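# Summary of the model geometry
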Amino acid sequence: MTYFEDLTPYRYWPNSTETAVNIGWLGSGEPFPTGDVPAEVVPALLRLVAKGPVNLTRGFHKCEFCAEPPYPVLMHLGEQEIALGNGEVRVTGENGTVYAAPTLLPHYIQAHRYQPPEPFTNAVLAISPA
């Protein structure tokens, strides 16, 4: 996966005219913040992935932090199995900031204790469950 520092301008797709900031574009060898994240964040992100990611790729990215990465990375939302690593999700914050994150983000939080910036976490928590 391509590494981008959190809260830097989104540039994954070079021809994108979208104004967004990066969240969770982690890469092996690059440090990232770890810590507790509210339990509701992972299910909320999985709901976004299940609704349909944007900027889909032709394959799946493996997790660079797992010793034996599953392919694809799968997580469950209730009975639903969700494949991660083939696109991105968008979350809009209260102040209008659009956050662009890879669909591997729920896995990074749950398996590797990645702690996204608080404004992003607050934006995710503000999403009503559906």
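Right above here is the structure, for reference.
So, here's what we can say about the structure. (Residues numbered from 1 in each chain as written. Predicted model: local features only at pLDDT ≥ 70, side-chain atom pairs only at ≥ 80, totals over all residues. Heavy atoms only, no water.)

## Focus: the pattern of salt bridges
Under the convention used in this document: One speaks of a salt bridge when a side-chain nitrogen belonging to Lys or Arg is within 4 Å of a carboxyl oxygen belonging to Asp or Glu. By definition, any uninterrupted DSSP run of H or I lasting at least four residues is a helix, any uninterrupted run of E lasting at least two residues is a strand, and each is numbered from the N terminus. For every residue, the accessible area (1.4 Å probe, protein chains only) is compared with the maximum for its type, and the residue is labelled buried under 20%, exposed over 50%, or partly exposed between those bounds.
All chains considered together, the criterion is met by three salt bridges. Of the charged contacts, one joins Asp36 and Arg113 as a salt bridge, the two residues approaching to 2.8 Å between their closest N and O atoms. Of this pair, Asp36 sits in the loop between β1 (21-22) and α1 (41-51) while Arg113 is found in the loop between α2 (105-112) and α3 (118-125), placing the two residues 77 residues apart along the sequence. Residue classification places Arg113 among the partly exposed positions, given a relative accessible area of 41%. We note a salt bridge from Glu88 to Arg90, for which the minimum N-O separation is 2.6 Å. One network of salt bridges, in which partners are shared, links Glu18, Glu88 and Arg90.

## Comments concerning the packing of aromatic side chains
Convention followed: Pairing of aromatic side chains requires ring centres within 6.5 Å, counting the rings of Phe and Tyr and the six-membered ring of Trp. Pairs whose planes differ by under 30 degrees are stacked, by over 60 edge-to-face, and all others tilted. For a Lys NZ or an Arg CZ to count as sitting over a ring, it must be within 6 Å of the ring centre and within 35 degrees of the ring normal.
Scanning the entire structure with this criterion turns up nine aromatic pairs. Between Tyr10 and Trp25, the aromatic rings sit 6.5 Å apart at their centres with planes inclined by 55°, giving tilted as the arrangement. Note that Tyr10 is positioned in the segment before β1 and Trp25 in the loop between β1 and α1, a separation of 15 residues in sequence. Look at Phe32 and Phe65: their rings are 5.2 Å apart centre to centre, the planes differ by 65°, and that puts the pair in the edge-to-face class. Highlighted residues: Phe32 in the loop between β1 and α1 and Phe65 in the loop between α1 and β2 (73-77), separated in sequence by 33 residues. The exposure class assigned to Phe32 is partly exposed, which follows from its relative accessible area of 23%. Grouping aromatic residues by their ring pairs yields a cluster made of Phe4, Tyr10, Tyr12 and Trp25. It is Arg90 that lies over the ring of Tyr10; its NZ or CZ is 4.8 Å from the centre.

## Quick word on the state of the cysteines
This is how the line gets drawn: Only a pair of cysteine sulfur atoms within 2.5 Å qualifies as a disulfide here.
For the coordinates displayed, the defined rule picks out zero disulfides. The thiol sulfur of Cys63 is not disulfide-bonded, and the nearest other cysteine sulfur, from Cys66, lies at 3.7 Å. Given the relative accessible area of 2%, Cys63 is considered buried.

## Some details on the side chain of Glu88
Heads up, the rule is: We call two N or O atoms a polar contact when they sit within 3.5 Å, provided that within protein one can donate a hydrogen and the other can accept it, with sequence-adjacent residues counted only if both atoms are side-chain atoms. Here a residue-residue contact requires only that any non-hydrogen atoms of the pair lie within 4.5 Å.
Residue position: Glu88 is located in strand β4 (residues 88-92). Relative accessible area serves as the criterion here: at 1%, Glu88 is assigned to the buried category. Of the polar contacts made by the side chain of Glu88, one reaches the side chain of Tyr10; its length is 2.9 Å. Here Glu88 is in contact with Tyr10, Tyr12, Trp13, Trp25, Pro53, Val54, Asn55, Ala101, Pro102 and Thr103, once residues within four sequence places are set aside.

Read these as geometric descriptors, not functional statements.
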